[in-house]
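Listed below, chain by chain, are the residues.
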Amino acid sequence: MPDLEAEDRKLVTLARSSRARIQAPEGAAVRDTDGRTYAAGTVDQPSFKLTALQAAVAAALSSGAEGIEAAAVVTGEGLLKGASVHAVRDIAKYAPIILADPDGEVLEVLTR
């Protein structure tokens, strides 16, 4: 399990908080290239569904973010959904995506 710098650890904390607050399957957080952070949980509505990371990326983009510096997903499933990875890769090809379990333990860091 990789050690994280303070700003990346903050993303994991925000993702955990988002997940817990709404009791969602996933929580996610992203940091844009200006250093602002955005957090979200899974959205599961009859008319549309978003992974937590898709929702966090959408929040960043709708707030004017021009790029993503890093992202984190907290889930009990132990894997990243392809749609989540694509949401980040559409904007930032090599931004790290941190996968953590509900306790905040880092399982993996994707850089591609």
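As recorded in an unreviewed UniProt entry, the protein chain goes by the name Cytidine deaminase, listed as coming from Amycolatopsis balhimycina DSM 5908.

Draft legend 1. Fine view of the environment of serine 17. Position of serine 17 relative to the elements: it lies in helix H1 (residues 6-22). C-alpha of serine 17 to C-alpha of serine 47: the two residues are 30 residues apart in sequence and 26 Å apart in space.

Draft legend 2. Expanded view of the nonpolar core. Ranked by size, the top nonpolar core spans 23 residues in total, and within it Val30, Leu53, Leu80, Val88 and Ile97 carry the most contacts. Those elements giving two or more residues to this core turn out to be strand S1 (26-32), strand S2 (37-41), helix H2 (52-62), strand S5 (68-75), helix H3 (82-89) and strand S6 (97-100). Residue contacts for leucine 80: discarding those within four places in its chain leaves Val73, Val85, Ile97, Leu99 and Leu110. Judged by nonpolar contacts, the second largest core, of ten residues, contains Ala15, Val74, Ile98 and Val106.

Draft legend 3. Inspection of the pairing of S6 at higher detail. The side-chain alternation of S6 yields two buried faces, one formed by Ile97 and Leu99 and the other by Ile98 and Ala100. Inspection of the sheet shows S5 paired to S6 by four bridges, in the parallel sense. Within S6, the position partnered with valine 73 by the bridge is leucine 99. Running through H3, the crossover from S5 to the neighbouring parallel element S6 is right-handed. Of the pairings in the sheet, the one linking S6 to strand S7 (residues 106-110) comprises four bridges and is antiparallel in character. If you follow alanine 100 over to S7, its bridge partner there is valine 106.

Cut-off values and rules
- Residues numbered from 1 in each chain as written.
- Predicted model: local features only at pLDDT ≥ 70, side-chain atom pairs only at ≥ 80, totals over all residues.
- Heavy atoms only, no water.
- Helix = DSSP H or I, 4+ residues; strand = E, 2+ residues; numbered from the N terminus.
- Core = buried A, V, L, I, M, F, W, Y, C linked by side-chain atoms within 4.5 Å.
- Buried < 20%, exposed > 50% of the residue type's maximum accessible area, 1.4 Å probe, protein only.
- Contact = heavy atoms within 4.5 Å.
- Pairing = 2+ DSSP bridges.
- Right-handed = clockwise from strand over helix to strand, strands pointing away.

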